[in-house]
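Working through the structure, step by step
Here are the chains, one letter per residue:
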Amino acid sequence: MDLRFNVISADDHVQETPDLWTQRLSKEKWGDNIPHVAKQPDGSERWVINGEVQEQSALAATGALFESRHHQPTAWKDVPKASYDPQERLKAMDQDGIDIQVLYPTVCGVSGEVLGAIKDPALQEACVQAYNNWLLETWGDGNDGRFVPQCIVPLTSIEAATKEAERAVKKGHKGVIMSPVPWHVNPELPHIHLPEWDSLWAKVRDLGVPICWHSGSVARSIVEIYDKYTPARARAFDSVRQPLGITQLVGMFMLSGFGERLPDVKVVFGTTTLNWITFQLELCDHEWERSMLIKDGVLTKPSEVFHRQCYVTTWFDTAGLSNRAYIGLDNILWQSEFPRETSTFPRSAETIKKNFEGISEPDRGMILHGNAGRLYGIS
C-alpha cells in the first residue's frame, strides 16, 4: 500500500468493547464469569473478568484522547470512540500523521496476561479465541490495511497456546502476543526459555510472524506504586516504571540460550524506549565474556543474538537515537502508543520532526516504517 506519511506505529492499543465477550460466549454456560462491564456501588463502571472486579485497571486506557492525560473515564458512554471504533481511529491517525498501527490489547492485559489468569481452561481459551476473532472482524478487512492485528494465546498449556497461535495466524493475525513470564500467570507452566516451549517458537517461526512481549505486563518484576502518592503522581510513576520492567527480560532472553536453539525466531519487546539498550547490550556481553558462558552452552555473544532476532521501540525518547548504529538500525521500531496517556498523539508528526533532526533519510525511513514493514510483511 502507499504510505502518505511514511510512518508505521509498531505498538498501539485497541480498547475492547463491553459486548466483545457477552455476544460471543454462552451466558448459560459461564454466566457472570464472562468478561463484561458492570456498574459498581459507587456508580462507576468496571470490567468484571472471571467474576472478579478489575480494581487495578481502568475501564479504558485512553488518556491521550483527553485534555488531562491522567483522566480515566468511569462510564462507557464517556470513552472516546477513537479508542474502539476503527473509522474514528482512522481519522485520528490522519490527524496525527500515522499510516498504519500494529495492535496490542488493553482489557486482556497488554500481553494477554489478564485473560491468561482465568482459572477455568475452557473459559480462558474461549475468551482468547473470542478476542482474536473480534480483532479480525472489527479491525481487519475493510480498513484499507491500515491496522495490523496480532493475536493473544491462552496460558492453559503450551499445546493450547501453540494451537491458538496457528489458528489465529492462519486466519490473518500478523504477530503472536504473550506474557514474557507465563509461569507468573500459571504456576504450572515452565520457564519461558526451557526447551518445552520450543514447539510454540518453532510454530511461530514457521508461520512467519514475530513473538511480541509488551512492557508493563510483569507486575512482580517492577517496584510497587507508593500508596500515599496522589493519583497524578501514581499514574506518572506507573508510566515510568513499566518500560524499566522489560530491561530484565531483554537480558534474560539474551543470556538464556533461546537464541542458540532458535536463531530465526523474531522477538519484539514493545514499549521499551532505547536509552538503556546500549548499557544492557554492553553489560550482557561483558558478563558473557567474564563468566565464560560459552562453556555453559551460550555460544553466541548476547549482542549478536539481539541484533539477529530482537526489536525494540522508540517514541518520545531522543538520547537513544544517537546510539542507533550500536543498537542496530534494523532493530528499532517507532511507536505512538495510541491511545494511552504516554502516547505522542496528537503531536506525533511534531515529535518525529524534533527527535529525528539531523538523522539521515535512510536511517529515518528504516526506523519509522521500513523495519516494521519487513517484520509484518507490509508491502
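So, here is what we can say about the structure in this document.

Parameters at a glance
- Residues numbered from 1 in each chain as written.
- Predicted model: local features only at pLDDT ≥ 70, side-chain atom pairs only at ≥ 80, totals over all residues.
- Heavy atoms only, no water.
- Helix = DSSP H or I, 4+ residues; strand = E, 2+ residues; numbered from the N terminus.
- Rg over C-alpha atoms; globule rule 2.2 N^0.38 Å.
- Buried < 20%, exposed > 50% of the residue type's maximum accessible area, 1.4 Å probe, protein only.
- Contact = heavy atoms within 4.5 Å.
- Areas by Shrake-Rupley, 256 points an atom, 1.4 Å probe, with all protein chains shown as cover.
- Axes fitted to C-alpha atoms, helices over the stretch in contact; angles between N-to-C directions.
- Parallel < 35°, antiparallel > 145°, perpendicular 65-115°, else oblique.
- Nonpolar A, V, L, I, M, F, W, Y, C, P; charged D, E, K, R; others polar.
- Pairing = 2+ DSSP bridges.
- Phe/Tyr/Trp six-rings, centres within 6.5 Å; stacked < 30°, edge-to-face > 60°.

A count of helical and extended segments in the chain gives 15 helices and 12 strands. On C-alpha atoms alone, the chain measures out to a radius of gyration of 20 Å, which is about the 21 Å that the 2.2 N^0.38 rule sets for 379 residues. Taken along its principal axes, the extent of the C-alpha atoms in the chain is 60 × 50 × 45 Å. Counting all 379 residues of the chain, 56% fall into the buried class. Put simply, of all contacts in the chain between residues at least 6 apart along the chain, 71% involve residues at least 24 apart. A total accessible area of about 16,300 Å² is found for the chain, and carbon and sulfur atoms account for 50% of it.

Where helix α6 (residues 158–171) contacts helix α8 (residues 198–207), the two axes come as close as 9 Å, and the packing angle between them is 10 degrees. In terms of orientation, α6 and α8 fall into the roughly parallel class. From α6, Ile158, Ala161, Thr162, Ala165, Glu166, Val169 and Lys170 reach across to α8, where they touch Ser199, Leu200, Lys203 and Leu207. Among the residues making up the contact of α6 with α8, the classes are represented as six nonpolar, two polar and three charged.

Let's shift gears to the sheet that holds strand β5 (residues 100–104). Sheet architecture is open: three strands sit in the order β1-β5-β6, paired in parallel fashion. The sheet is open, and its two edges are formed by β1 (8–13) and β6 (147–148), each paired on a single side. In terms of strand pairing, β5 meets β6 through two bridges, oriented parallel. Within β6, the position partnered with valine 102 by the bridge is valine 148.

We now examine the packing of aromatic side chains. A full pass over the atoms with the stated rule returns 13 aromatic pairs. A ring pair is formed by tryptophan 201 and tryptophan 213, whose centres lie 6.2 Å apart and whose planes are at 80 degrees; its orientation type is edge-to-face. Linking tryptophan 201 in helix α8 with tryptophan 213 in strand β9 (residues 211–214), this pair joins segments that are 12 residues apart in sequence. In this structure tryptophan 201 comes out as buried when scored by relative accessible area, which is 0%. With a relative accessible area of 2%, tryptophan 213 lands in the buried category. Note on phenylalanine 338 and phenylalanine 345: the rings are 5.0 Å apart at their centroids and 80 degrees apart in plane angle, and the pair reads as edge-to-face.

Here leucine 200 lies in helix α8. Here the alpha-carbon distance between leucine 200 and proline 231, two residues 31 residues apart in the chain, equals 40 Å. Setting aside residues up to four positions removed in sequence, leucine 200 forms contacts with Ala161, Thr162, Ala165 and Met178.

From the geometry alone we can't say anything about function, so treat these as descriptive.
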